[in-house]
2 protein chains.
Amino acid sequence: MNTILQQTFSVPFRYPVCFTEDLFDPQNTILADVLRGERVPKVLFVIDSGVADTHTQLIQQIKTYAETFKAVFALAAEPIVVIGGEACKNDDTLYQKIVEATHLYGIDRHSYLAVIGGGAVLDMVGFAAAISHRGIRLIRIPTTVLSQNDSGVGVKNSINAFGKKNYLGTFTPPNAVLNDFNFLKTLDDRDWRAGISEAIKVALIKDLSFFEWLEANGKALANREMAPMKEHIIRSAKMHMDHISGKDPFEFGSSRPLDFGHWAAHKLEKLSDFRIRHGEAVAIGIALDSTYSFLQGRITQEDLNRIIKLIKTLGFELFAPELQGEQLIKGLKEFQEHLGGQLTIMLLEKLGKGVEVHQMDENLIHQSVALLQSFQEKSNLITS
Amino acid sequence: MNTILQQTFSVPFRYPVCFTEDLFDPQNTILADVLRGERVPKVLFVIDSGVADTHTQLIQQIKTYAETFKAVFALAAEPIVVIGGEACKNDDTLYQKIVEATHLYGIDRHSYLAVIGGGAVLDMVGFAAAISHRGIRLIRIPTTVLSQNDSGVGVKNSINAFGKKNYLGTFTPPNAVLNDFNFLKTLDDRDWRAGISEAIKVALIKDLSFFEWLEANGKALANREMAPMKEHIIRSAKMHMDHISGKDPFEFGSSRPLDFGHWAAHKLEKLSDFRIRHGEAVAIGIALDSTYSFLQGRITQEDLNRIIKLIKTLGFELFAPELQGEQLIKGLKEFQEHLGGQLTIMLLEKLGKGVEVHQMDENLIHQSVALLQSFQEKSNLITS
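Residues numbered from 1 in each chain as written. Chains lettered and ligands numbered in written order. Predicted model: local features only at pLDDT ≥ 70, side-chain atom pairs only at ≥ 80, totals over all residues. Heavy atoms only, no water.

Along the backbone of chain A there are 16 helices and 11 strands. Radius of gyration (C-alpha) of chain A: 21 Å, near the 21 Å computed for a compact globule of 384 residues. Overall, chain A is about 70 × 70 × 35 Å in size when its C-alpha atoms are taken along their principal axes. Taken across its 384 residues, chain A has 62% of its residues classed as buried. Pairs at least 24 apart in sequence give 78% of the contacts found in chain A among residues at least 6 apart. When the accessible surface of chain A is split by element, carbon and sulfur atoms take 49% of a total near 14200 Å². Looking at charge distribution, chain A has the averaged site of its 40 positive side-chain charges lying 3 Å from that of its 46 negative ones. (Helix = DSSP H or I, 4+ residues; strand = E, 2+ residues; numbered from the N terminus. Rg over C-alpha atoms; globule rule 2.2 N^0.38 Å. Buried < 20%, exposed > 50% of the residue type's maximum accessible area, 1.4 Å probe, protein only. Contact = heavy atoms within 4.5 Å. Areas by Shrake-Rupley, 256 points an atom, 1.4 Å probe, with all protein chains shown as cover. Lys, Arg positive; Asp, Glu negative; His and termini not counted. Charge placed at Lys NZ, Arg CZ, Asp CG, Glu CD.)

This part covers the UniProt feature "domain: 3-dehydroquinate synthase N-terminal" (unreviewed entry) in chain A. UniProt records the feature "domain: 3-dehydroquinate synthase N-terminal" (unreviewed entry) for residues 80-193 of chain A in the present numbering. In this annotation, residues 80-193 of chain A is assigned 35% helix and 25% strand; the end-to-end C-alpha distance for the span is 28 Å. (UniProt positions renumbered as here; feature names shortened; annotations may be inferred.)

What follows is about the interface of chain A and chain B. Taken together, the contact between chain A and chain B spans 72 residues of the former and 72 residues of the latter. Around 6500 Å² of area is buried between chain A and chain B when both sides are counted, 56% of it from carbon and sulfur atoms. Three residues stand out in chain A for area buried against chain B, namely Gln 7, Phe 9 and Arg 134 of chain A, and they jointly supply 14% of the buried area on that side. For the pair chain A and chain B, the number of links is two salt bridges. The residue Glu 251 of chain B makes a salt bridge to Arg 109 of chain A at a minimum N-O spacing of 3.2 Å. Taken together, chain A and chain B are joined by 35 residue pairs in polar contact (both at pLDDT 80 or more). At the level of secondary structure, the elements contributing two or more residues to the side of chain A that touches chain B comprise strand 1 (3-20), helix 5 (92-104), helix 6 (119-131), strand 8 (164-168), helix 11 (226-246) and helix 15 (327-339) of chain A. Sorting elements by how many residues they give to the side of chain A that touches chain B places strand 1 of chain A first, with 18 residues. (Buried area = accessible area lost by both parts, 1.4 Å probe. Salt bridge = Lys/Arg side-chain N within 4 Å of Asp/Glu carboxyl O. Polar contact = N/O pair within 3.5 Å; in protein donor to acceptor, adjacent residues only side chain to side chain.)

For the rest of this paragraph, the subject is the pairing of strand 2 (residues 42-48) of chain B. All names here are of chain B. Counted residue by residue, strand 2 has six buried out of seven residues, so it is predominantly covered. In the sheet, strand 2 pairs with strand 5 (residues 112-117) via five bridges, with the strands oriented parallel. Directly across from Val 43, in strand 5, lies its bridge partner Tyr 112. When strand 2 meets strand 4 (residues 80-82), the two strands line up parallel, connected through three bridges. Counted as the bridge partner of Ile 47 is Val 81 from strand 4. (Pairing = 2+ DSSP bridges.)

Note on the copies: chain A fits chain B at an RMSD of 0.0 Å, the axial shift is 0.0 Å, and the rotation between them is 180°. Taken together, the rotation and translation describe the operation of a two-fold axis. If distances are taken from each C-alpha of chain A to the rotation axis, the shortest is found for Val 11 of chain A, at 2.6 Å. When the interface residues of chain A are mapped onto chain B, 100% of them again fall at the interface, so both copies present the same face. (Least-squares fit on C-alpha atoms with pLDDT ≥ 70 in both.)

So, about the environment of Asp 123 of chain A. All names here are of chain A. Within the secondary structure, Asp 123 is located in helix 6. Distance in space between the C-alpha atoms of Asp 123 and Arg 140 is 9.6 Å, their sequence separation being 17 residues. Discounting chain neighbours no more than four positions away, the residues touching Asp 123 are Lys 89, Lys 156, Asn 157, Ser 158 and Asn 166.

In an α-helix there are 3.6 residues to a turn, and that puts residues three or four apart on one side. Residue and element names in this part refer to chain A. In a regular helix each residue adds 1.5 Å, so 18 residues correspond to 26 Å; helix 13 (residues 278-295) covers 25 Å between its end C-alpha atoms and thus fits that length. Summarising burial for helix 13: 17 of the 18 residues are buried, a large majority. Where helix 13 terminates, the next one or two residues include Gly 297, which has phi positive at roughly 80°. (Expected span 1.5 Å × (residues − 1).)

Using the criterion set out here, one finds 26 aromatic pairs over all chains in the structure. Ring geometry for Tyr 65 of chain B and Phe 73 of chain B: centres 6.3 Å apart, planes at 40°, overall tilted. Both residues of the pair, Tyr 65 of chain B and Phe 73 of chain B, belong to the buried class. Positioned above the aromatic ring of Phe 171 of chain B is the side chain of Arg 134 of chain A, whose terminal nitrogen or guanidinium carbon lies 5.9 Å from the ring centre. (Phe/Tyr/Trp six-rings, centres within 6.5 Å; stacked < 30°, edge-to-face > 60°. Lys NZ or Arg CZ within 6 Å of the ring centre and 35° of its normal.)

So, on to the pattern of salt bridges. By the definition in use, this model includes 44 salt bridges over all chains. Between Lys 230 of chain A and Glu 21 of chain A there is a salt bridge; the shortest N-O distance is 2.6 Å. Placement of Lys 230 of chain A in helix 11 and of Glu 21 of chain A in the loop between strand 1 and helix 1 (30-35) is noted, with a sequence separation of 209 residues between them. Exposure remark for Lys 230 of chain A: the relative accessible area of 24% places this residue in the partly exposed category. In this structure, the salt-bridge partner of Arg 36 of chain B is Asp 33 of chain B, at a minimum N-O distance of 3.0 Å. Asp 33 of chain B sits in the partly exposed class, given a relative accessible area of 42%. One network of salt bridges, in which partners are shared, links Glu 86, Lys 165 and Glu 269 of chain A.

It is worth spelling out helix 3 (residues 58-68) of chain B at this point. Residues and elements named next belong to chain B. By the burial criterion, the buried members of helix 3 are Leu 58, Ile 62, Tyr 65 and Ala 66. Projected down its long axis, helix 3 carries its buried residues within an arc of 100°, all on one side. Those residues of helix 3 that are buried are in contact with helix 1 (30-35), strand 2, helix 2 (49-54), strand 3 (74-75) and strand 5. (Arc of directions from axis to C-beta.)

Structure (structure tokens):
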């Protein structure tokens, strides 16, 4: 009586993740190479205000580059500058303005949005690109450590809604990611440091040798040396890319193993009204879940000491007053709801290896918070 | 100096497209089978007001079904009724209400939205599902001929914006499509007929034998006989599914061969302020591009006569005053912009075989419109 047809297909995605310097130097053909095709596509640039303010020549450089490669691509309009940081994801009129710009400037599905900025602006403009015409081509040009070594190379975009981080968004791979290391030189110390927490995260759950490399280079990274910064970005980005392509790029399952330390981090950002930046919150979240792993007997005291020491060496805070009280615990439920399915939290089995658990003990979380506060205040690590 | 990493992966999709009757009869396990899993997921139903008004017992049937299968799934809340037809895609507060409902009722990425209605409501609710939590699971329950044989089995969702049809949307496959033929019995004659135009379309460009079957069954279809209606829906849906899985499901390329007759149809809907429904506009669009194909010498007069005769047999109009004047031509440019890339229009090479062209002659379009008007007014076909 019933007829059941099974629909089955796979959608292939492919994009380059490039690491370069002086992206808009007319000698540098990376961007032109990405845009080169049968047609001369329109490209609409959107720039993070933090970047535009610091790099006052950037818009002129883009125009000169476009003039040089006018046989390859055309600027759709004057580059648009949008406010940077989480603010651009909290105000939903901002993504709507980008959507409206695609309408006004006739940006079709074979044209490009090229977005230059930190992770928040990449997320917001990526969302606008993903839903306009069911997907306009997107070139991400991340300008922060955090976006170059982690979020910018991935497949997600989002804005915030209902007080929930990343409530609206899609999984939509970009057409290219172009990381220009020169943007990092003008970051303030907080942003220089913040992104390194994502590298600590991926090292702790996946790669002991990378963790050891971070320990060996922690001081140099804190001292703003470029060579280890570049090396850690490429290494971290590669691990992130391998993880995405390895299984479940669009996260249909319950597990999200790359989110070590993130349940608390997301909540902390919101509780602090985004005073604490994402990378800073991730450092605290890593410290928290590492301490919790220690209190559960999963990792040794020496392991925990090494983690805390690295986080401190890099200059991160270990504690924030928002960790205290009952609000933090709500982050667990929100994290579960955002992922869907069973609560799945990554903890540490040992340095370089994560383990998934499906519940957390509230008292043990509170004890972990108390320990973090003591690490922070006394500047002392646990001693046996 | 530069480092370039290539990211490559494929995302697999799989979903059943079922054809049944009495979907919410507790004896019918199709829906429960789709929802059955390790967890008991929440399901939020959204119902087209046109369906809810006609099927006054539907909400109670859903509740009884949910009670019967409470070990399998749980209703997240009272079903939500939304206005049906294109109106639900034109008012952007309506999709926002669905998004807000997912927030209010804690619909996570492993919970379901189940949407019952015509193509417009499926499109709108599908868009809300696609962007909430970066994708909530979606069950489509199409209730019209058009949505059962064509749009409902596909991978698109959308709302309208800036006066442009489907300006916002994504390519997001549903988790299941459940077609209940009983919903068709209560359609008014216009909606019963409208969807058949999509079958004519796919037959004309892909399958002569299906076109001949439609000719043989045209009168029975017009007389609202259920047997040929069911057969044509399954056959048409299957062709649509095969086309999607065959190549380029997310339409990264320029070509969209299934859109025969649609450039004019989209424009006509808007020019008529949606007085002309999508399926009716597609019938006119098919007649127009078939006539154009004839005037270009691509198909014979006999071929054109057969097409016009079938469209008339089914009770469609062939002409609308909005076809006259210069506005229609603008639809070509809008169609190109929506697809992106080069203008690509499907014409007929012969009955059952389409051919893509990359330009259309304005004068020939006007002449085609004039011929359509004469077919309509004189009820006469071309005679040699």
